Amino acid sequence: GEDVEQSLFLSVREGDSSVINCTYTDSSSTYLYWYKQEPGAGLQLLTYIFSNMDMKQDQRLTVLLNKKDKHLSLRIADTQTGDSAIYFCASKEDYGQNFVFGPGTRLSVLP
Amino acid sequence: DAGVTQSPTHLIKTRGQHVTLRCSPISGHKSVSWYQQVLGQGPQFIFQYYEKEERGRGNFPDRFSARQFPNYSSELNVNALLLGDSALYLCASSLVAGGTYEQYFGPGTRLTVT
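Computed from a prediction, not measured in an experiment: that's the story for all the values here. (Residues numbered from 1 in each chain as written. Chains lettered and ligands numbered in written order. Predicted model: local features only at pLDDT ≥ 70, side-chain atom pairs only at ≥ 80, totals over all residues. Heavy atoms only, no water.)

Draft legend 1. Highlighting the nonpolar core. With 22 residues, the main nonpolar core has Trp34(B), Ile46(B), Leu76(B) and Tyr89(B) as its most contacted residues. Other than its neighbours up to four places away in sequence, Ile46(B) contacts Trp34(B), Tyr35(B), Gln36(B), Gly56(B), Arg57(B), Gly58(B), Phe60(B), Phe64(B), Leu76(B) and Tyr89(B). The next biggest cluster of nonpolar side chains, apart from the first, holds 21 residues, and it includes Leu32(A), Leu46(A), Ala85(A) and Val100(A). (Core = buried A, V, L, I, M, F, W, Y, C linked by side-chain atoms within 4.5 Å. Buried < 20%, exposed > 50% of the residue type's maximum accessible area, 1.4 Å probe, protein only. Contact = heavy atoms within 4.5 Å.)

Here is the structure:
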């Protein structure tokens, strides 16, 4: 089955850019998502990208997709302390119901 | 607009007991999915329901069951609880059940099995 991997920790200084990386194994993954989870809360959808796109930008967020290498990244510009959270990458097939999540990357933003 | 709501917020049960978790989707959303999130891991898909019918099932034992009601709210039932069932149970709702559906998650129910 599909496997989604992420590095577990990332630490950046406030104001710097953060880049969170994700790799997936299933080439039939059609949609790729980024979710944010703050302590004690559910998951917040940040953005998603279709597999036929290379890049998507949404305010401070930039998603890059390398379909050949099955690599997805989320760049957060001008990272703020409020961005400290766990970020999950998830994949989904076009007609499937199953979202497959990675283990999450804990982002710590240092003042 | 109200988001996805779940009840209860926290629950403590004993091994072997039964539990029922509840979820109300965003108004207008017809699909509800359930996920289990064990501490330190990403969510794992349990079920998806759309228009009161099961549309997908993850790799969970038959002790897990769910249903969706005419108002699109949903219940997740777990029988014969095991210690390993301790987790955050997340409900997510979406407008439709296929394609690029955007899922919106509730805050979860924290289940502790002792």
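Draft legend 2. The environment of Ser7(B), seen in detail. Residues and elements named next belong to chain B. Mapped onto the elements of the fold, Ser 7 is located in strand 1 (residues 5-7). On a C-alpha basis, the gap between Ser 7 and Leu 95 in space is 21 Å, while along the polypeptide they are 88 residues apart. Ignoring sequence-local partners within four residues, the contact set of Ser 7 consists of Leu 21, Arg 22 and Thr 109. (Helix = DSSP H or I, 4+ residues; strand = E, 2+ residues; numbered from the N terminus.)

Draft legend 3. Seen up close, the sheet that holds strand 7 (residues 61-66) of chain A. Residues and elements named next belong to chain A. Strand order across the open sheet formed by five strands is 1-3-8-7-6, with antiparallel pairing between neighbours. Every other strand in the sheet has two partners, leaving strand 1 (4-6) and strand 6 (55-58) as the edge strands with one partner each. In this sheet, adjacent strand axes meet at a mean angle of 15° when their direction is disregarded. Pairing geometry for strand 1 and strand 3 (residues 18-24), over three bridges, is antiparallel. Along strand 3, the bridge assignment pairs Val 4 with Tyr 24. (Pairing = 2+ DSSP bridges. Axes fitted to C-alpha atoms, helices over the stretch in contact; angles between N-to-C directions.)

Draft legend 4. Structural detail: the pairing of strand 8 (residues 74-78) of chain B. Residues and elements named next belong to chain B. Counting buried positions along strand 8 yields five of five residues, so the element is predominantly enclosed. Residues of strand 8 alternate between two faces, with Ser 74, Leu 76 and Val 78 on one and Glu 75 and Asn 77 on the opposite face, all of them buried. Relative to strand 8, strand 3 (residues 19-24) runs antiparallel, the two being bridged by five bridges. Counterpart to Thr 20 in the pairing with strand 8 is Asn 77. Where strand 7 (residues 64-68) lies against strand 8, five bridges are found, and the strand directions are antiparallel. Bridge pairing in strand 8 places Arg 67 opposite Glu 75. Hairpin connection between strand 7 and strand 8: a loop of five residues separates the two successive antiparallel strands, and Tyr 72 in this loop has a positive phi of roughly 75°.

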